[in-house]
Amino acid sequence: MKIKYMALAASGLLALSACAKNEAPVTTAPPVGPGAIAGTIAADRDGDGIVDGYYTSDGIYHAIQGPPCPPPPAPMPSRSGERG
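Residues numbered from 1 in each chain as written. Predicted model: local features only at pLDDT ≥ 70, side-chain atom pairs only at ≥ 80, totals over all residues. Heavy atoms only, no water.

> Please explain the overall build of the protein as it appears in this structure.
Helix and strand content of the protein: one helix and three strands. Along the protein, from the amino end to the carboxyl end, the secondary structure elements read α-β-β-β. Since a compact globule built from 84 residues should have a radius of gyration of about 12 Å, the 32 Å found for the protein marks it as more spread out than a globular shape. With respect to the principal axes defined by its C-alpha atoms, the protein has extents near 110 × 45 × 20 Å. Counting across all 84 residues of the protein, residues that qualify as buried make up 2%. (Helix = DSSP H or I, 4+ residues; strand = E, 2+ residues; numbered from the N terminus. Rg over C-alpha atoms; globule rule 2.2 N^0.38 Å. Buried < 20%, exposed > 50% of the residue type's maximum accessible area, 1.4 Å probe, protein only.)

Here is the structure:
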């Protein structure tokens, strides 16, 4: 008698397992980093590893416009000389 109930329960579970939904849970997007614009994709057009601009959702490229980099500092005076 127990075998019939076990077989009935197993066949019921097998039949109902086809109805189970195995959908991944919906998560939120990670926060954007400093200087990033939400909803865009960063672009490195010259391959130097520095982001040159970004693409918007409509596929248009926008170059990053910023002030030029400051010049490097002047070299330190050498210590060699009359007393060096």
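> Would you take a moment to explain the packing of aromatic side chains for this structure?
Any pair of aromatic rings gets described here by the distance separating the centres and the angle formed by the planes. This structure, assessed with the given rule, holds one aromatic pair. Between the NZ or CZ atom of R45 and the centre of the ring of Y61, over which it lies, the distance is 3.6 Å. (Phe/Tyr/Trp six-rings, centres within 6.5 Å; stacked < 30°, edge-to-face > 60°. Lys NZ or Arg CZ within 6 Å of the ring centre and 35° of its normal.)

> Please clarify how the environment of A43 should be interpreted in this entry.
Inspection of the secondary structure puts A43 in strand β1 (residues 41-43). According to the relative accessible area criterion, A43 is buried, its value standing at 5%. For the pair formed by A43 and G53, sequence separation is ten residues and the distance between their alpha carbons is 5.3 Å. Excluding anything up to four places from it in sequence, A43 contacts V51, D52, G53, Y54, Y55 and Y61. (Contact = heavy atoms within 4.5 Å.)

> What should I look at first to understand the environment of P70 in this one?
Looking at the element boundaries, P70 is found in the segment after β3 (61-63). For the pair P70 and L14, spaced 56 residues apart in sequence, the C-alpha separation works out to 70 Å.

> Help me understand the environment of A63 in this model?
For A63, the location among the structural elements is in strand β3. On the accessibility criterion, A63 (40% relative accessible area) is partly exposed. Expressed as a C-alpha distance, the spacing of A63 and G47, which sit 16 residues apart in the sequence, is 14 Å. If near-sequence neighbours (up to four positions away) are discounted, A63 is found in contact with D52 and G53.

> Can you help me understand helix α1 (residues 2-17) in this one?
In an α-helix, one full turn covers 3.6 residues, which means residues spaced three or four apart are oriented alike. If you check α1, its first and last C-alpha atoms are 22 Å apart, about what 16 residues at 1.5 Å a residue would give, namely 22 Å. Of all 16 residues in α1, zero are buried, a share of ten percent or less. (Expected span 1.5 Å × (residues − 1).)

> What's the story with the sheet that holds β1 in this structure? I'm lost.
Hydrogen bonds between backbone atoms are what pair the strands of a sheet, whose relative direction is either parallel or antiparallel. Taking strand neighbours across the sheet as the criterion, the three strands line up as β1-β2-β3 in an open arrangement whose pairing is antiparallel. The two strands at the open ends of the sheet, each matched to only one other strand, are β1 and β3. The mean inter-strand angle of the sheet, taken between neighbouring strand axes irrespective of direction, is 30°. Pairing of strand β2 (residues 53-55) with β3, which is carried by three bridges, proceeds in the antiparallel orientation. Considered in β3, the bridge of G53 is made with A63. (Pairing = 2+ DSSP bridges. Axes fitted to C-alpha atoms, helices over the stretch in contact; angles between N-to-C directions.)

So, to be careful, I would describe these as geometric facts and stop short of saying anything about function.
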